[in-house]
Amino acid sequence: VIDLWTSYKFTFEWSDYGQIKWDYTMNSVPTSIYSLSGQNNVGIRVVLEFIIILATVFNIVTEVRDILGYIRKFALLDYLLDPFNIVDWVHLFTLVVTILTYLIYYNMSVAFTMPATFEVLANPASDARPFLTNAEAEYRYLAFMKSIEDLASQQALYTVCAGIGLMGFVFRILKSLDFQPRMGLVTRTMSAAIVDLFHFCILFLFVYIGYAIVGHMLFGHIFKGMSDMPSAFLTLFIFLLSLDCTQFYPSMEHAVEGYEWAFQLYFWSYLIIAFFLLLNILLAILVDAYATVKQETAESEGLPEEIADISYYIAKYVSSGRQRFLADPKLLAGLQNLLAKKEAAMLGVRAQVNQTLAHRQAVLLPGGVEIGHSQMRSFAQEITGKASDKAGGATVAPEGGGTEVVSEELVYDLMSRFGEDVQGRATQHNEEMLELVQVENIKRSLAMFQAQRTIIKDQAKFVRLMEVIAQGLVTEEAMQAIRDEEDREDGPEIAFVGSLSVTIVEAKDLPNMDLLRAVDPYCVLYLDKGVEQMYKTNTVPKASSPTWDEAFEWNIPRQCEGLIVTIMDKDNVTRDDLIGVVNVRLDELPVDETVDAWYTIKNPRIEYKLKGAAVRIKIKRSSVELIPVDLIRSNTAMHFDNSPQLEDALPPPSPSVSSLIKEELSSMEMEHAPTSVSPIPESSSPEPPSAPEPSHEPVAAQEGGGVGWEPAPGNGAE
């Protein structure tokens, strides 16, 4: 006797056209689960079931302890957001349901009884009514068949729950293997790709549901695979897996007869988007995550090496004894105790730090109103109806009863949530004011520099005018002696003249400086010394590898040593961010040769972001010439008018000539000096040389009492 009951149920359905559809159902269930007849593994089954029950209870207790630990640390959200914790609870729930369904199934099988006969026919030997039934016997038979169906249904439910429980064991085994880098490739790959997979699923659902709705509207009236939404979902899924055209192609094409192009558009667009794009994107996400995990675990030890280490640890522990060998678990427990003591000691330090920093925080309201720490404590006291605890301790009731104490931790929490660092705002304000002052100083320096240039030009004009006047009063021999003495004392005045051509070509691997925005780079170029002129490239929007290809040129003086290229990120709301700087030494560049090279972008603050970041620059330094200043000044139209930047690079005119002329004039006797100077007759002295052409503007009398000269009417000059 094997105590196995099998029932067959045949159903027939007649259609309106005379066709008959038939189906059958077979239920086979054992009526005695632990029957010893014909079974040799009853003991093993009982032991395994007992182990599963104990393991389920142990896992539930462990998970509850983990939840309580996260709650004590106020990190319950971290526990709930861990997908493997969700898998654990789903598996435990499945195991509990499996145990309950098994108990119900066992009770039903024990209560199952089968009569020997069912006398359903009242009188089978009757000639007139042989199929006349006995109502009571027929009821018992139908109840017996119902018990068989219920038992079979309960067994099917138990089988499904047990199968899902076994799948849960597989997932939890994969989770348990995550401790070993090489064995945890599956779980680590899924963890690395979970964010991308989430966004992919949302995108795939949009496409999948949209095409299911369209397919139901176009083909549902004829094609059974699109007759309702569940069938449409299944048909589209079969499209992706099999693409068996014989199953759907004729029916769907016939459904839109006369508009076959609609079916072609529907089918091929779905095939391209869902199959060629989305499925390949899914594979790319998984492959990319696997490559990342594989690279991270490339240098980790494998399972054989770790097994060897554990074996060595056990052998060392057994051979050395407890006195000469400190076990890893004991070391871990000691470190945990030490860490707990440190954390307890840090609680007092934290309270002191909070009290120290309390005056730096305030809640800023519109209108410039600030709510400090003491005001927030008063508000908390009024809202909660508790007294204030300025000691920073826990919330306790004061001695002798009364109102509960407001904990300082509550006040610190409110200040951290709604307050701002007032000192930080003051520091920021001071920094902004300092930048404003620096900008104003730069403006003043530029204004003074411009004024100095104007004064130098006026001095040069004045010296030339005085030379013209002196040539009419001093003999040619005296003037030549003055020039010779000046040349011996100062020597020829030399200017350092050259040019630098720079082309900013492109950059690569520039990092994003903002959280939600791509980088919008541009470059600022300037020389370190002697030249104030700066250049700026155009801004390339949203480009981590921009291309500028913009050329710039400087006339470089002697003191110039380097070229500085600053790469910035353009921001429309906040200040532009500094990406990095490139410093090129001019003395390291060859002369009259173009250097085309990649220069590494440096910024110590974000060095971790600048891996591979570089800018390509073409630089050419022209030949350097040493030109006498007198020669440059004698040809002002060539050097000053056409090259104003070269004039900026020259040093100011030497005052030695004017000082010598003044000394010569002062040595003359005052009684011979006329009150007004008349032109010298042509017969008494040689004709004075004509004044040189002015460089920029005609000579005119200056305002504010300055010295000027212009021809007087008539034959004389004032």
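Residues numbered from 1 in each chain as written. Predicted model: local features only at pLDDT ≥ 70, side-chain atom pairs only at ≥ 80, totals over all residues. Heavy atoms only, no water.

Peer 1: Report on the overall build of the protein chain, specifying residues and quantitative values.
Peer 2: From N to C terminus, the protein chain includes 18 helices and 16 strands. Considering the protein chain as a whole, with its 718 residues, one finds that 26% of them fall into the buried category. Taking the contacts inside the protein chain whose residues are at least 6 apart along the sequence as the reference set, 61% of them involve residues at least 24 apart. Counting only carbon and sulfur atoms, one obtains 61% of the accessible surface of the protein chain, whose full area is about 48800 Å². (Helix = DSSP H or I, 4+ residues; strand = E, 2+ residues; numbered from the N terminus. Buried < 20%, exposed > 50% of the residue type's maximum accessible area, 1.4 Å probe, protein only. Contact = heavy atoms within 4.5 Å. Areas by Shrake-Rupley, 256 points an atom, 1.4 Å probe, with all protein chains shown as cover.)

Peer 1: Please provide a residue-by-residue account of the pattern of salt bridges, values included.
Peer 2: Within the structure shown, the criterion is met by nine salt bridges. Note that R585 is salt-bridged to E561, the shortest N-O span being 3.8 Å. In this pair, R585 sits in strand 13 (residues 577–585) while E561 sits in the loop between strand 11 (547–556) and strand 12 (562–569), placing the two residues 24 residues apart along the sequence. Looking at R585, the relative accessible area reads 35%, which means it is partly exposed. Salt bridges sharing common partners tie together D88, R172 and K175. (Salt bridge = Lys/Arg side-chain N within 4 Å of Asp/Glu carboxyl O.)

Peer 1: Please give an account of the confidence of the model for the protein chain that cites residues and values.
Peer 2: The predicted structure's coordinates, where accompanied by low pLDDT, should not be read in detail. Per-residue confidence for the protein chain averages 74 on the pLDDT scale, and 74% of its residues sit at or above 70. This model gives residues 631–718 a pLDDT under 50, and the stretch forms 76 contacts once residues within four places in sequence are excluded. (pLDDT = per-residue confidence, 0-100.)

Peer 1: Before we move on, can you summarise the nonpolar core with the specific residues and values?
Peer 2: Counting residues in each nonpolar core, the largest one holds 36 residues, and the members touching the most others are I504 and W554. Of all the secondary structure elements, the ones that give two or more residues to this core are strand 8 (494–508), strand 9 (521–527), strand 11, strand 12, strand 13, strand 14 (594–600) and strand 15 (614–621). Setting aside residues no more than four positions away along its own chain, I504 makes contact with C523, L525, T537, W548, D549, E550, F552, V565, V615, R616 and I617. By size, the runner-up hydrophobic cluster in this structure holds 28 residues, among which are F204, V207, Y211 and I285. (Core = buried A, V, L, I, M, F, W, Y, C linked by side-chain atoms within 4.5 Å.)

Peer 1: Quick one: what's the story with the environment of I148, residue by residue and with numbers?
Peer 2: As for its placement among the helices and strands, I148 is situated in helix 4 (residues 135–176). Remark: the alpha-carbon pair of I148 and S7, spanning 141 residues in sequence, is separated by 7.8 Å. Ignoring any residue separated from it by four or fewer positions in sequence, one finds I148 in contact with W5, S7 and F112.

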